[in-house]
Amino acid sequence: MVNRINLTASNNKISSQNGHRNWKFVDKPCIVDNWTRIDQTAESLNREIFCDEFAEQSDILCRWYLDQQNITDPKTCLLPQDGYRVPNIVFYVTFGHYNFTLLHYMCILSAKKIQRPLAIYVIGDVQPLGKWWRKLCQDVSNLRFIRRQQPKVIFGIHVYWVAHASDIVRLQILLANGGIYMDTDQIFVKSFNPIRNYTITMGIIDRYTGMGNAVISTERHSTFLQQMYDNYRTYNSTNYYANSLKFSYELWERNHKALHLESLKFYRPLWSELDKLYNTTEFNWRKRYAIHIWSREKIYPLPETISDVDKLNTTLGELFRHVCYGDSRLRTSKM
């Protein structure tokens, strides 16, 4: 049994000459073909990684990362048989010049310390910037950046919001690979292992906004996610929530058995309850799987240094100390 994906190439390296792999690849229908009808940038993806004889047993993101390092050994990325439907893989999507802050550092560090995945990936067109990204690369040994072109057009319509490009790409990755997708301002509180045997887990933000997509835990080839992806054939570029959040909520309303819900444990407190994060320590966060920091609201200042975190007497301070030290209590010079 393989216990862990090895992101370092083995000596049994399969060579690549003139762009052609040496292992057998049958030209058959491939999941990437379906994507290109909606997102033409998917044509640039290495079709073999997603559809060859090793694809179903592999962490495709691992193979994608190694392929960008000119390493072509598919057996390096075979997934362990750990008894769960959802692979223990965490990934994030960041498009554009993304300057990492302490918040992003803490959120991705929480994946390492609390979920303890096989690997953590950041997918984007430009590698994130800033000292906190550099520190994250030092502190999280299984963090890997994968370069992926940003979709600018969805089914022939210009993408107005970068978030919509991220929506499309996260669905593609989850359909092909499964795993746990997280927004970069979503922090792990406790392990997702108790929900990794559900075929798919999401959470409702509220009836007006719809089904949240800042956290998705799923096995690969989810029928629910495929319906979400196919809905982009009627892409609405003027309505921020229509294509992903609203539509997925409507899907769930038609069939409540289509997915497992963890609304309270993913999205509370809501953006309308930010005082529970930033002004008090009375919110009971310990039973949550994850907490959304709602950083885009920009109503309250965020800590900028570890010293700020040590003395921040709020729920957010408790969360960050929980991640950083495994102890949510305020830190003093004597500790």
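Residues numbered from 1 in each chain as written. Predicted model: local features only at pLDDT ≥ 70, side-chain atom pairs only at ≥ 80, totals over all residues. Heavy atoms only, no water.

Taking an unreviewed UniProt entry as the reference, the chain is identified by name as Glycosyltransferase belonging to Patella caerulea.

Chemist: Looking at this model, I keep getting lost on the pattern of salt bridges. Mind explaining?
Modeler: Opposite charge on two side chains permits them to pair, given that their charged atoms come into close proximity. Under the criterion given, the structure shown has 10 salt bridges. In this structure, the salt-bridge partner of E219 is R85, at a minimum N-O distance of 3.5 Å. With a gap of 134 residues between them, E219 in the loop between β11 (210–218) and α7 (223–230) and R85 in the loop between α3 (60–68) and β3 (89–93) connect regions that are remote in the sequence. Using a relative accessible area of 22% as the deciding quantity, one classes E219 as partly exposed. Where salt bridges share partners, they join D167, R170 and D183 into one cluster. (Salt bridge = Lys/Arg side-chain N within 4 Å of Asp/Glu carboxyl O. Helix = DSSP H or I, 4+ residues; strand = E, 2+ residues; numbered from the N terminus. Buried < 20%, exposed > 50% of the residue type's maximum accessible area, 1.4 Å probe, protein only.)

Chemist: When you look at the packing of aromatic side chains in this model, what are you seeing that I'm missing?
Modeler: For any pair of aromatic rings, the description rests on two quantities: the centre-to-centre distance and the angle between the ring planes. What the rule picks out here adds up to 19 aromatic pairs. Judged by centre distance (5.1 Å) and plane angle (85°), the rings of Y160 and W161 are edge-to-face. Judged by its relative accessible area of 27%, W161 falls in the partly exposed class. Joined through ring pairs, the aromatic side chains of F188, F192, F266, Y267, W271, Y289 and W294 make up one cluster. Directly above the aromatic system of Y84 lies the positively charged group of R196, at a separation of 4.0 Å from the ring centroid. (Phe/Tyr/Trp six-rings, centres within 6.5 Å; stacked < 30°, edge-to-face > 60°. Lys NZ or Arg CZ within 6 Å of the ring centre and 35° of its normal.)

Chemist: Teacher, can you tell me more about the environment of Y160 here?
Modeler: The topology assignment puts Y160 in the loop between β7 (157–158) and α6 (162–177). C-alpha separation for the pair Y160 and G210, spaced 50 residues apart in sequence, amounts to 20 Å. Apart from the residues lying within four places of it in its own chain, the contact partners of Y160 are Y235 and S237. (Contact = heavy atoms within 4.5 Å.)

Chemist: Would you mind going over the pairing of strand β4 (residues 119–124) with me for this structure?
Modeler: Regular strands show a simple pattern: their side chains alternate between the two faces of the sheet. In terms of burial, β4 is largely enclosed, as six of its six residues are buried. The sheet contact formed by β3 and β4 spans five bridges and is parallel. Opposite F91, over in β4, you have Y121 as the bridge partner. Sheet topology note: the β4/strand β5 (residues 143–147) ladder contains five bridges and is parallel. In the strand pairing of β5, V122 is matched with F145. Following the backbone out of β4, through helix α5 (residues 131–139) and into the adjacent parallel β5, one traces a crossover that is right-handed. (Pairing = 2+ DSSP bridges. Right-handed = clockwise from strand over helix to strand, strands pointing away.)

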